[in-house]
Amino acid sequence: MNISKKIQGLILLFLATITLGCGGNEKESSNRLKVVTTTGMLGDAVRNIVGDSAEVVSLMGPGVDPHLYKATQGDLTQLNRADLIIYNGLFLEGKMGDVFSRLQRTKPIVAAAENLDSTFLLSGDAIGKAIDPHVWFDVSLWRQVVLHLGEVLAEQSPELAEYFQDNAKQYAEQLVALDEEVATAIATIPEGQRVLITAHDAFGYFGNRYQIEVEGLQGISTLSEPGIRDVTELVDLITERKIKAVFVETSVSDKSIQAVVTGCRERGHEVSIGGSLFSDAMGAEDTPEGTYPGMVRSNVRIIVDALH
Ligand SMILES: [Zn+2]
């Protein structure tokens, strides 16, 4: 965010505070909209929209697996204090359902990905054809989520509506450029090597959008355990097609992927671990990978380098 935008946000916040009849710094801070998101990717989207005019807390930090995540006592305090809760939905936060349905009675809760038109959604191949929740890896779909969140936040704070909508549009423009950047980079991988093998099926939307075949050891949720058959199937595929690299994920154990590497070695094919991808969680705060564009760029760089 540039400086003039920050100043604009602060002025709007100040005006909004006066309009509400609340002077004084203490009241000003308590009147700031408090938004709690589950994943860091959603937190990144909201921060880009609200600037400094709202408090944004993301419950799931670096390396956290949202499929298995359970709300802690500290999270419940944050959720109870929130004015607005934003989660991904499509059963990404598989163990948070009860908490959300209880809170739904007292405050607005938005499942950001569930607003997408169903024609854009992919189904996972496991667990009863559930919908794949990992929509953030198709940057063009994530752009739609960002614009929707701009509307949601505008509704929540009518006095800042225009500012939020403008910010959402500006961020969405950056995502148009990022989408093109990813497509161009992935297209440079030789066609026969354009296969992305990971621990769990988080990259279905990525593969669909950027024309790279995706194979995961586990299904679209990490709740399922990979079986021996899955490992053998992947070993067959990698050795037959002489795939150079497989990938681990920052939020998933690398045990199953190591089994694939060992299996390939026993068959006389050396496959390397191409690197660690950010699948369901972003990188550390205050690093480039701690932002959504940064995590996407890091993944693309690792994938392109390893498969060339
Ligand atoms: Zn996942």
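Residues numbered from 1 in each chain as written. Predicted model: local features only at pLDDT ≥ 70, side-chain atom pairs only at ≥ 80, totals over all residues.

## Here we look at the overall build of the chain
And step 1. Helix and strand counts for the chain come out as eleven helices and eight strands.
And step 2. Taking all contacts inside the chain whose residues are at least 6 apart in sequence as the whole, residues at least 24 apart take part in 66%. (Helix = DSSP H or I, 4+ residues; strand = E, 2+ residues; numbered from the N terminus. Contact = placed C-beta atoms within 7 Å.)

## Re the sheet that holds strand β2 (residues 54-58)
What links the strands of a sheet is backbone hydrogen bonding, and the strands pair in either a parallel or an antiparallel sense.
And step 1. The sheet built from four strands is open, its strands ordered β2-β1-β3-β4 with parallel pairing. Edge strands, defined here as strands with exactly one partner in the open sheet, are β2 and β4 (109-111). Neighbouring strand axes in the sheet, compared pairwise and without regard to direction, differ in orientation by 20° on average. (Pairing = 2+ DSSP bridges. Axes fitted to C-alpha atoms, helices over the stretch in contact; angles between N-to-C directions.)

## Topic: unusual backbone geometry
The general pattern is negative phi for most residues beyond glycine and trans for most peptide bonds.
And step 1. Of note, the phi angle at Gln211 is positive, near 60°, even though the residue is not glycine.
And step 2. By the element assignment, Gln211 lies in the loop between α8 (204-210) and β6 (213-218).
And step 3. C-beta crowding within 10 Å serves as the criterion here: with 12 such atoms nearby, Gln211 is assigned to the exposed category.
And step 4. Notably, Asp286 is not glycine yet its phi reads approximately 65°, a positive angle.
And step 5. What makes Asp286 exposed here is the crowd of 7 C-beta atoms within 10 Å. (Buried ≥ 20, exposed ≤ 12 C-beta atoms within 10 Å, placed from the backbone.)

## Structural notes on helix α11 (residues 292-307)
And step 1. The first and last C-alpha atoms of α11 sit 23 Å apart over 16 residues, in line with the 22 Å expected at 1.5 Å per residue.
And step 2. Those residues of α11 lying buried are Tyr292, Met295, Val296, Ser298, Asn299, Val300, Ile303 and Leu307.
And step 3. Packing partners of the buried residues in α11 comprise α3 (40-50), α6 (139-156), α7 (161-187), β5 (195-200), β7 (245-249) and β8 (272-277). (Expected span 1.5 Å × (residues − 1).)

## Let's talk about α6
And step 1. Look at α6: 25 Å from first C-alpha to last across 18 residues, which is about the 26 Å you get at 1.5 Å a residue.
And step 2. Taken together, the buried residues of α6 touch α3, β3 (84-87), β4, α7, α8 and α11.

## Considerations on the confidence of the model for the chain
And step 1. For the chain, per-residue confidence averages 90 on the pLDDT scale, and residues scoring 70 or more make up 88% of the total.
And step 2. Within the model, the stretch residues 17-28 combines pLDDT values under 50 with eight contacts to residues more than four positions away or in other chains. (pLDDT = per-residue confidence, 0-100.)

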